[in-house]
Amino acid sequence: MAERRESLHGQWSGRWAFILAATGSAVGLGNIWKFPYITGDNGGGAFVIVYLVCIALIGIPVMMAEILLGRRGRRSPINTMTHLAEEEGRSPAWKLLGGGGIVAGFLILSFYSVVAGIVLAFFFRTASGVFEGQTADGVGALFGSLLGDPERLLAWHTIFMVMTTVVVARGVRSGLEQLVRYLMPALFILLIVMVGYAMNAEYAAGVARGVDTPFMSGLSFMFNPDFSKLSGDSVLIALGHAFFTLSLGMGAIMVYGSYLPQNTSIARTTITIALMDTVVALLAGLAIFPIVFANGLAPDQSFGLVFKTLPLAFGHMPGGIFFGSLFFLLLAFAAWTSAISLSEPVVAWLVENRSLSRIYAATVVGLITWVLGIASLLSLNVWSGYKIFGMPFIDLADYITANILLPLGGLLIAIFVGWKMKKESVADELAIKQTRAFDLWYVVIRYLSPIAIAIVLYLKIFKVI
Ligand code: TRP
């Protein structure tokens, strides 16, 4: 048995502190902004099924693997990988897994902050009452005018990056646990209120437009699979989103795992987090799609889906200003706790290897990300004509990270844990009591997860699908 290490950066106070922090990382814009819009763009039900299968067969097993690596190494991802590779007698090149994660983290955080800025702007807009009684066209125009205004986007992006940097500078533990403990349940309840609204009030709006049951239309869009609408790209996007939404494949969960107390069950913890994350995403879809159908909108609104639909409901429901402002505020908090986890791997590494203070490291990371974010922000307006691989920069940054870098990171994690570590090290760290459950997981992480990821990536890269 390896000697037990302590993390340089402290430890969570217990299992629930970790669950809260990791859920805070997992639940964010990915669930409420991205999941509904990619579901809309990829035709609904069949996509949702592929996504759920990816969560169960790849996301959960890989998450367990990533947490166990972090807890065993007890360092930032680069140093954890260097150390474990040495301990297991493997090539030092495995540290590239940590390095690649840092690149992915910068890229994700840069566009994430721009979208989170839009959420902040929508909080103020909703609170000011501009959405009261608006039509779908009116809400769409308000969204469009915000996207077309780089100065305002920059102001919000800056505010969000400053908020993130301040918390990261103070260290993950202080404040974060408390924040997540109260705000996540509040967001969850608000989503249920929105689904309840969609079930009832949207009915009237829909009937007026000749849609009898918008809620049923939303439900059937999300859960009635039509596999003919599924393209090869959809499969890759579903796989990539399983990684994105669980914060996997770039070291965020690894670094959180490195602060996890030794006696916590990784398997149970992972399943709890993945379940909560999935339920939030499905609720967001159930709140949004009925609004789409009740208002005669098309479900494939891409990037703008959540911003063009929810304000419509808030503009018509009783207490809409209150519920709407609260919703966008909580969504901004959810994005905040996710953003913090995106910069934690690189900040922890700078503190360990460059002996920077946390404050200094967080500021450097914040500045670099802020500059990168400006490219994303301008690609929404001034630079919208410039496309790389047919996509504006912000879409490219999202595509490359979520659909290529994160699955690649996940593939390497599965290979390292499944093939490069001694089985005893893995079993010792996971400490699953039922041997059957452990054996099942071990087969999945050795064969099923890596082969599935490799096939999808291979087919996509060589343009077979
Ligand atoms: N999971 C978060 C969301 O769904 C985003 C996120 C946070 C993330 N940390 C990450 C994505 C690490 C990939 C990797 O909004």
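In what follows, the structure referred to is the one given above.
What counts and what doesn't
- Residues numbered from 1 in each chain as written.
- Predicted model: local features only at pLDDT ≥ 70, side-chain atom pairs only at ≥ 80, totals over all residues.
- Heavy atoms only, no water.
- Helix = DSSP H or I, 4+ residues; strand = E, 2+ residues; numbered from the N terminus.
- Rg over C-alpha atoms; globule rule 2.2 N^0.38 Å.
- Buried < 20%, exposed > 50% of the residue type's maximum accessible area, 1.4 Å probe, protein only.
- Contact = heavy atoms within 4.5 Å.
- Areas by Shrake-Rupley, 256 points an atom, 1.4 Å probe, with all protein chains shown as cover.
- Phe/Tyr/Trp six-rings, centres within 6.5 Å; stacked < 30°, edge-to-face > 60°.
- Lys NZ or Arg CZ within 6 Å of the ring centre and 35° of its normal.
- Axes fitted to C-alpha atoms, helices over the stretch in contact; angles between N-to-C directions.
- Left-handed = near helix turned anticlockwise from the far one by under 90°.
- Nonpolar A, V, L, I, M, F, W, Y, C, P; charged D, E, K, R; others polar.
- Near = heavy atom within 4 Å.
- Polar contact = N/O pair within 3.5 Å; in protein donor to acceptor, adjacent residues only side chain to side chain.
- Patch = residues over 30% accessible without salt bridge, like charges linked within 9 Å, V, L, I, M, F, W, Y side chains within 5 Å.
- Salt bridge = Lys/Arg side-chain N within 4 Å of Asp/Glu carboxyl O.
- Core = buried A, V, L, I, M, F, W, Y, C linked by side-chain atoms within 4.5 Å.
- Expected span 1.5 Å × (residues − 1).

Caption draft 1: Expanded view of the overall build of the protein chain. Assigned secondary structure in the protein chain consists of 18 helices and zero strands. The C-alpha radius of gyration computed for the protein chain amounts to 22 Å, which stays within 12% of the reference 23 Å derived for 465 residues, consistent with globular compactness. Seen along its three principal axes, the alpha-carbon backbone of the protein chain occupies a region of about 70 × 45 × 40 Å. Looking at the protein chain as a whole, 60% of its 465 residues are labelled buried. Sequence separation of at least 24 residues holds for 83% of the intrachain contacts in the protein chain that already meet a minimum separation of 6. Carbon together with sulfur atoms contributes 67% to the accessible area of the protein chain, which is approximately 17500 Å² in total.

Caption draft 2: Molecular detail of the packing of aromatic side chains. On inspection of all chains with the given rule, the structure shows 23 aromatic pairs. Joined through ring pairs, the aromatic side chains of Phe122, Phe131, Phe143, Phe307, Phe314, Phe327 and Phe328 make up one cluster. For Lys34, the ring lying beneath its charged end belongs to Phe244, and the centroid distance is 4.4 Å. Directly above the ring of Trp419 sits Arg446, whose terminal nitrogen or CZ lies 3.9 Å from the centroid.

Caption draft 3: Looking closely at the side chain of Ser449. You can see Ser449 is positioned in helix α18 (residues 435-461). Here Ser449 falls in the buried class, since its relative accessible area comes to 0%. Every residue in contact with Ser449, bar those within four places of it in the chain, is listed here: Leu57, Ile58, Pro61, Val62 and Val444.

Caption draft 4: Spatial organisation of the packing of helix α1 (residues 15-26) against helix α12 (residues 266-294). Contact pair α1 / α12: the axes reach a minimum separation of 10 Å and the direction vectors enclose 35°. Considering how the two elements wind past one another, α1 and α12 form a crossing that is right-handed. When α1 is examined against α12, the residues Arg15, Trp16, Phe18, Ile19, Ala22, Thr23 and Ala26 are found in contact with a partner set consisting of Arg268, Thr269, Thr272, Ile273, Met276 and Asp277. Residue composition of the contact of α1 with α12, grouped by class: seven nonpolar, three polar and three charged.

Caption draft 5: A look at the site of the ligand. The environment of the ligand is made up of 17 residues, and the closest members are Ala26, Gly30, Tyr112, Phe244 and Ser247. A distance of 3.2 Å separates a nitrogen atom of the ligand from a polar backbone atom of Ser25. Alone, the ligand offers 370 Å² of accessible surface; in the complex the protein occludes 100% of this. Those elements giving two or more residues to the shell around the ligand turn out to be α1, α2 (29-41), α5 (95-128), α10 (232-245) and α14 (320-353). Here the residues of the shell around the ligand are counted per class, giving nine nonpolar, eight polar and no charged.

Caption draft 6: Just the environment of Arg152, in detail. Mapped onto the elements, Arg152 comes out in helix α7 (residues 150-170). The spatial distance from the C-alpha of Arg152 to the C-alpha of Ile118 is 9.2 Å, given a sequence separation of 34 residues. Not counting residues up to four positions away in its chain, the partners in contact with Arg152 are Arg125, Ser145 and Leu146.

Caption draft 7: The arrangement of unusual backbone geometry in detail. Positive phi is not limited to glycine here, since Ser247 has a value of about 60°. Mapped onto the fold, Ser247 is located in the loop between α10 and α11 (252-257). Unlike most non-glycine residues, Ser355 shows phi in positive territory, near 45°. Within the fold, Ser355 resides in the loop between α14 and α15 (358-378).

Caption draft 8: Just a nonpolar patch on the surface, in detail. On the surface, Ile49, Val53, Leu57, Phe227, Trp419, Val443, Tyr447, Leu448, Ile451 and Ile455 cluster together to form a nonpolar patch covering roughly 890 Å² of accessible area. Mapped by element, the contributors of at least two residues to the nonpolar patch are α3 (45-73) and α18. Among the elements that line the nonpolar patch, the one with the most residues is α18, at five residues. Looking at where Leu57 falls in the secondary structure, it is placed in helix α3.

Caption draft 9: Examining the nonpolar core more closely. Judged by nonpolar contacts, the single largest core of 166 residues is most densely connected at Phe307, Phe327 and Trp441. At 18 residues, α5 tops the list of elements feeding residues into this core.

Caption draft 10: Inspection of α1 at higher detail. Over its 12 residues, α1 extends 16 Å from the first C-alpha to the last, a length consistent with the 16 Å expected when each residue adds 1.5 Å. α1 sits mainly inside the fold: 10 of its 12 residues count as buried. Listing the buried residues of α1 in full gives Ala17, Phe18, Ile19, Leu20, Ala21, Ala22, Thr23, Gly24, Ser25 and Ala26.

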